[in-house]
Amino acid sequence: MTAAPATSTASLAIRSHDPGYDAAVATFNTAHRPRPDLVWEARSPDDVAAAVRRARAEGLPVTVQATGHGIASDLAGSLLVSTRHLDDVRVDPGRRVAVVGGGATWTQVIAATTPHGLAPVCGSSSGVGVAGFLLGGGHGPLSREFGVGSDHLRRALVVTGTGELVDTDDDPDLLAALRGGKAGFGIVVELEVDLHPVTRLYGGGIFLPGEAAPEVLPAWRDWVTTLPEHASSSVALLRLPPDPSLPPPLQGRFVVHLRFTTTAGADDGAALLAPMRGLDVEPIADMVGEMPFAAIDAVHADPTDPMPVWDASTLLTDLPDAALDALLAVAGPGVETPLIMAELRAFGGAITRGPDLDSVAGRDAPFALYALGPMVPELAGVVPVVVPGVVDALAPWSAGVLPNFLGAARAGVIGRAWDDATLARLLATQRRVDPDGLFRQVGTRVGG
Ligand SMILES: Cc1cc2nc3c(=O)[nH]c(=O)nc-3n(C[C@H](O)[C@H](O)[C@H](O)COP(=O)(O)OP(=O)(O)OC[C@H]3O[C@@H](n4cnc5c(N)ncnc54)[C@H](O)[C@@H]3O)c2cc1C
């Protein structure tokens, strides 16, 4: 452990009346309007350590934000460390690793790695921050083949609650906590992640009429269990907005969005996808084809502009017809609902096999459900009820919580993600690296 040197801090601290406050606290998920007492725009690990010292001096809890994709509260009364300027990415193609700043996004990592023919295990949307994603495990289209994102976290530099800069090479318990333990272990200022020799995918999405959901969902459930580990899929019931930037047949439409990727190439990919293309359902659009890895966001086509959303999720033990019926009853065709999306992801494969040292929750769950609604003022009384209601409808098949997709409504249940032994280990690590509970308000932190 080394004490980080003192830094001149005056220009880093922004209060709510200062110019630049709104930009510094801006979030992807605008359902939460952050209002920390103080924002600290960190530009180096030393700045982060200075922020922690300042928080201790002022008696403020510390919160952390890179992109605001995972914000789950308004961060009121905290000192918010914005890591968004810690976005350096260095690639060592020989070792197949990227060294990434604690505020970098996957977009920045992919831009740096793909020219070397290398790819990270990122998620469905590359606008998400690397640190926030890996701290929750991190499931993405490559995960069935290579494991979750945090399986490839080799090392991190962390500023702890005492303001020390710790290298996880000297603290394997801290590395184990950062691999999926989610929050409360300090501020990650640098990470080293493994890369994979993936340059192209056969993948994309097929949009089918929403009315066909009762036929498509059981067929998808049966089909995904036959896929090899190099192939991955999810399916979403999407209520698309009347957005003129969408292709006209999709504007304002209720659709089933089937997503598929494989690293095996076009011939094998098309053969694997053939049973779903062979359903007796006319697609609205079939956008699956060969693509560079760098285009991976096109598979899920998640929104890229900030928007106010309320979300909830659960892992699932299995997906019998009764579970699909329960989902269709709350999110299927003919249901009047403000939901934007109810998504099923198929897991399995390498996700079930982690390193010895980690904290990833729910590896054995074969499926996950994720629901999302628009948190606009006119629906503010409805959406926080409807969205968790989708998850509750599948409660008989719940296999616990997925830390990265908890959402604000269920943030309090994060402790249920882990077995007792893992939870005890995470809490012990938290007490060690943050003895005064400085990070107790950080995101969805186990231990409250
Ligand atoms: C459109 C969209 C798509 C998504 N797709 C996926 C997906 O495919 N797979 C998946 O697993 N997840 C996915 N997520 C969830 C996402 O991984 C989490 O919300 C993640 O926490 C976001 O991290 P962030 O840094 O972008 O967000 P932020 O809101 O900035 O951070 C969220 C939390 O991460 C922690 N954090 C962030 N940076 C640091 C740091 N440097 N040090 C310590 N703690 C830190 C803090 O607890 C913080 O509260 C998605 C979310 C959205 C909105």
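Placed above this text is the structure.
Predicted, not measured: the structure shown is a model, and the values here were computed from it. (Residues numbered from 1 in each chain as written. Predicted model: local features only at pLDDT ≥ 70, side-chain atom pairs only at ≥ 80, totals over all residues.)

(A) Molecular detail of the overall build of the protein chain. Within the protein chain, the regular secondary structure consists of twelve helices and 18 strands. What you see for the protein chain is a C-alpha radius of gyration of 21 Å, in line with the 22 Å of a compact globule of 448 residues. Once the C-alpha set of the protein chain is aligned to its principal axes, its extents read approximately 65 × 50 × 45 Å. Within the protein chain, buried positions represent 52% of all 448 residues. In the protein chain, the share of contacts with a sequence separation of at least 24, taken over all contacts with a separation of at least 6, comes to 74%. (Helix = DSSP H or I, 4+ residues; strand = E, 2+ residues; numbered from the N terminus. Rg over C-alpha atoms; globule rule 2.2 N^0.38 Å. Buried ≥ 20, exposed ≤ 12 C-beta atoms within 10 Å, placed from the backbone. Contact = placed C-beta atoms within 7 Å.)

(B) Representation of the nonpolar core within the structure. Ranked by size, the top nonpolar core spans 139 residues in total, and within it Val81, Val158, Leu316 and Ala371 carry the most contacts. Once residues lying within four places of it in the same chain are set aside, the contact partners of Ala371 are Asp311, Ala312, Leu339, Met341, Ala342, Val387, Val390 and Val391. (Core = buried A, V, L, I, M, F, W, Y, C linked by C-beta atoms within 7 Å.)

(C) How the structure looks around the pairing of strand β7 (residues 97–101). The element β7 is largely enclosed, with a buried count of four among its five residues. With four bridges joining them, strand β6 (residues 89–92) and β7 adopt antiparallel strand pairing. Within the sheet, the bridge partner assigned to Val89 lies in β7 and is Val100. Connecting the antiparallel pair β6 and β7 is a turn made up of four residues, with Arg96 showing a positive phi of about 55°. In this sheet, strand β10 (residues 187–194) lies alongside β7 in antiparallel orientation, the contact comprising five bridges. (Pairing = 2+ DSSP bridges.)

(D) Spotlight on the packing of helix α7 (residues 213–224) against helix α10 (residues 321–331). The contact between α7 and α10 brings their axes to 10 Å, and the two run at 140°. Considering how the two elements wind past one another, α7 and α10 form a crossing that is right-handed. Residues Ala213, Pro214, Leu217, Pro218 and Arg221 of α7 form the contact with α10, whose participating residues are Asp321, Leu324 and Leu328. Per-class residue counts for the contact of α7 with α10 are six nonpolar, no polar and two charged. (Axes fitted to C-alpha atoms, helices over the stretch in contact; angles between N-to-C directions. Left-handed = near helix turned anticlockwise from the far one by under 90°. Nonpolar A, V, L, I, M, F, W, Y, C, P; charged D, E, K, R; others polar.)

(E) Broad picture of unusual backbone geometry. We note that Leu75 has phi near 60°; this positive angle belongs to a residue other than glycine. Mapped onto the elements, Leu75 comes out in the loop between β4 (62–65) and β5 (79–82). Of the residues examined, Leu75 has 27 C-beta atoms within 10 Å and is grouped as buried. In the Ramachandran plot, Lys182 falls in the positive-phi region, its phi being about 80° despite a non-glycine side chain. Positionally, Lys182 belongs in the loop between α6 (172–178) and β10.

(F) Up close: the sheet that holds strand β3 (residues 38–41). The strand order across the open sheet built from four strands is β2-β3-β5-β4, with neighbouring strands paired in mixed fashion. At either margin of the open sheet sits one strand with a lone partner, and together these are β2 (13–15) and β4. Taking each pair of neighbouring strands and ignoring which way they run, the sheet shows an average axis angle of 25°. One ladder, built from three bridges, connects β2 with β3; its direction is antiparallel.

(G) How the structure looks around α10. Among the residues of α10, those classed as buried are Ala323, Leu324, Leu327 and Ala331. Summarising the axial view, the buried residues of α10 lie within an arc of 95°, below the 170-degree limit, and thus occupy one face. Away from its buried face by more than 90 degrees, α10 exposes Asp321, Ala322 and Ala329. As for α10, its buried residues are in contact with α7, β12 (231–239), β16 (309–316), β17 (341–346) and α11 (383–393). (Arc of directions from axis to C-beta.)

(H) Expanded view of the packing of α10 against α11. Between α10 and α11, whose axes approach to 9 Å, the crossing angle comes to 160°. Relative to α11, the element α10 lies roughly antiparallel. Along this stretch, α10 crosses α11, giving a crossing that reads as right-handed. Contacts from Ala326, Leu327, Ala329, Val330 and Ala331 in α10 reach Gly389, Val390 and Ala393 in α11. (Parallel < 35°, antiparallel > 145°, perpendicular 65-115°, else oblique.)

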